[in-house]
Amino acid sequence: MSTAVPPSTIKISGPLTRGDLLLLLYWFSDTNRVPEVVGIQGLSRLTRLSLILGDELGLRRTIDPFFEYHRTPAGGIASADVWSELLALRAYQVLKPLPSDEPMPPEEIEERRYLLEHHIPAHERSHYPLPTYFERDVLTNKGTFFAAKREDQTIQRWIAVFKTTPGLNQLPLSDLTARALPLLGAHAAR
């Protein structure tokens with residue numbers, strides 16, 4: 001039996017899936033579209049954005065199961081579910097990591113190590129790479145199609161919430177953390 005990250009269904013109609021949520025976050029974070037792509041930098045930022053905007057969309061009630069989030073010892077927020085979904089979208093060639101010369105920020109390393117040590121089974125850890133350099137993912141043509149199709153089908157309130165992504169994406173990670181931490185509540189393991 002394969003221990004690879006299980007594929008996630010990308011739906012073009014029907015309820016919003018976890019993959020749809022991340023696709024729309026990337027879609028709305030790309031404020032300039034091509035040729036200049038902004039994207040979302042790093043898993044830490046993506047995790048906080050998914051918690052903040054997912055809560056505003058009421059996805060705790062509509063997606064079963066929704067992402068599980070954890071407080072890290074250094075005061076961060078980590079989610080193995082968000083990491084798995086990100087890897088699945090890469091496997092579908094919907095997202096593509098851009099090469100970067102920036103070193104990994106300490107929060108990014110700390111949060112991924114925390115996930116590897118506490119929330120990802122030892123036999124699956126090889127499927128969750130800990131990059132040497134900072135990762136920034138962008139939508140591919142396939143991802144742009146799915147995100148645009150989903151945007152067409154998304155109700156107006158959802159679109160209004162997703163349009164706040166570029167502004168949130170510009171905030172420092174500490175500000176994003178401050179906004180996301182109160183949303184963890186009883187749902188986070190300490």
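Look above for the structure.
Sequence order as written defines residue numbering, which begins from 1 separately in each chain. Given that the model is predicted, a residue must reach a pLDDT of at least 70 before its local features are reported, and side-chain atom pairs must reach 80 or more before they are shown or counted; all residues, however, enter totals for whole chains, interfaces and linings. Excluded from the side-chain calculation are hydrogens and water; included are all heavy atoms of the structure.

Re the overall build of the protein
Logical step 1: Each helix corresponds to a stretch of at least 4 residues labelled H or I by DSSP, and each strand to a stretch of at least 2 residues labelled E; elements are numbered beginning at the N terminus. Across its full length, the protein holds nine helices and five strands.
Logical step 2: Secondary structure elements of the protein, listed N to C terminal, follow the sequence α-β-α-α-β-β-α-β-α-β-α-α-α-α.
Logical step 3: Only protein chains enter the accessibility calculation, which uses a 1.4 Å probe; a residue whose area is less than 20% of its type maximum is buried, one above 50% is exposed, and one in between is partly exposed. Out of the 190 residues in the protein, the part that is buried amounts to 49%.
Logical step 4: Using a 1.4 Å probe, accessible areas were evaluated by the Shrake-Rupley method; residue-level cover was limited to the displayed protein chains. About 9500 Å² of surface is accessible on the protein, with carbon and sulfur atoms providing 55% of the total.

Considerations on the environment of Thr140
Logical step 1: Considering the arrangement of structural elements, one finds Thr140 in the loop between strand S5 (136-139) and helix H6 (141-153).
Logical step 2: Judged by relative accessible area, Thr140 falls into the buried class, the value being 18%.
Logical step 3: In the structure, Thr140 is positioned 46 residues away from Val94 in sequence and 5.4 Å away in space, judged by C-alpha atoms.
Logical step 4: Contacts are assigned to residue pairs that have any heavy atoms within 4.5 Å of one another. Leaving out residues up to four positions away in the same chain, Thr140 has contacts with Gln93, Val94, Leu95 and Lys96.

Some thoughts on the packing of helix H2 (residues 42-56) against helix H4 (residues 80-91)
Logical step 1: Every angle, taken between N-to-C directions, lies between 0 and 180 degrees, and every axis is a line fitted to C-alpha atoms, over only the stretch in contact when it is a helix. One way to put it is that H2 packs onto H4 with a least axis distance of 10 Å and a crossing angle of 110°. On the basis of their axis angle, the class for H2 and H4 is roughly perpendicular. Crossing geometry of H2 relative to H4 is assigned as right-handed. Each of Leu43, Leu46, Thr47 and Ser50 in H2 lies in contact with H4, whose residues at this interface are Val82, Trp83 and Leu86.
Logical step 2: Residues are sorted three ways: Asp, Glu, Lys and Arg are charged, Ala, Val, Leu, Ile, Met, Phe, Trp, Tyr, Cys and Pro are nonpolar, and all the rest, Gly among them, are polar. Taken together, the residues of the contact of H2 with H4 break down into five nonpolar, two polar and no charged. Each angle gets one of four labels, with under 35 degrees taken as roughly parallel, over 145 as roughly antiparallel, 65 to 115 as roughly perpendicular, and the rest as oblique. A crossing counts as left-handed when the near helix is turned anticlockwise from the far one by less than a right angle, and as right-handed when that turn is clockwise.

Observations regarding empty space enclosed by the protein
Logical step 1: Grid points spaced at 1 Å over the protein atoms alone were grouped into cavities, where a 1.4 Å probe fits but cannot get out, and pockets, open sets with protein on both sides within 12 Å along at least five of seven lines, with lining residues defined by an atom within 4 Å of a point. Grid points are joined across faces, edges and corners, and a volume is the space filled by probe spheres set on the points. Tallied over the full model, the rule gives one cavity of 30 Å³ or more.
Logical step 2: Volume-wise, the largest cavity comes out at about 40 Å³.
Logical step 3: Taken together, Leu43, Ser44, Thr47, Ile77, Ala78, Ser79, Glu108, Glu111, Arg112 and Leu115 make up the lining of the largest cavity.
Logical step 4: Contributions of two or more residues to the lining of the largest cavity are made by H2, strand S3 (77-78) and helix H5 (106-118).
Logical step 5: Broken down by element, the lining of the largest cavity gets its largest block of residues, four residues, from H5.
Logical step 6: A class-by-class count of the residues in the lining of the largest cavity yields four nonpolar, three polar and three charged.

Here's the deal with the nonpolar core
Logical step 1: To define a nonpolar core, start from buried Ala, Val, Leu, Ile, Met, Phe, Trp, Tyr and Cys residues and group those joined through side-chain atoms within 4.5 Å. Ranked by size, the top nonpolar core spans 47 residues in total, and within it Leu25, Leu46, Tyr69, Trp83, Leu139 and Phe162 carry the most contacts.
Logical step 2: For this core, the secondary-structure elements that each account for two or more residues are helix H1 (18-29), H2, S3, H4, H5, H6, helix H7 (156-162) and helix H9 (173-184).
Logical step 3: The leading source of residues in this core is H1, at eight residues.
Logical step 4: Looking at this core, you find at least three residues from each of domain 1 (17-90) and domain 2 (92-140).
Logical step 5: In contact with Phe162, not counting residues within four places along its chain, are Leu21, Leu24, Leu25, Phe28 and Leu57. For the domain bounds, the source is a domain assignment made automatically or taken from a database.

Observations concerning the sheet that holds strand S1 (residues 40-41)
Logical step 1: Pairing between strands is defined by DSSP: at least two bridges between them are needed. Taken together, three strands build an open sheet; the order of strands is S1-S5-S4 and the sheet is antiparallel. Single-partner strands in this sheet number two, and they are S1 and strand S4 (95-98).
Logical step 2: Bridge analysis of S1 against S5 gives two bridges, and the strand direction is antiparallel. Its bridge partner being in S5, Ile40 is matched across the sheet by Asp137.
Logical step 3: Lying over the sheet, H1 contacts S1, S4 and S5, oriented at roughly 90° with respect to S5.

Brief notes about the pattern of salt bridges
Logical step 1: Salt bridge, as used here, is a side-chain nitrogen of Lys or Arg placed within 4 Å of a carboxyl oxygen of Asp or Glu. Counting across every chain of the model gives nine salt bridges.
Logical step 2: When the shortest N-O distance is used, the salt bridge between Arg18 and Glu85 registers 3.8 Å. Residue Arg18 is found in helix H1, and its partner Glu85 is found in helix H4; the two are separated by 67 residues along the sequence.
Logical step 3: What makes Arg18 partly exposed here is its relative accessible area of 22%.
Logical step 4: Residue class for Glu85 comes out buried when judged on its relative accessible area of 4%.

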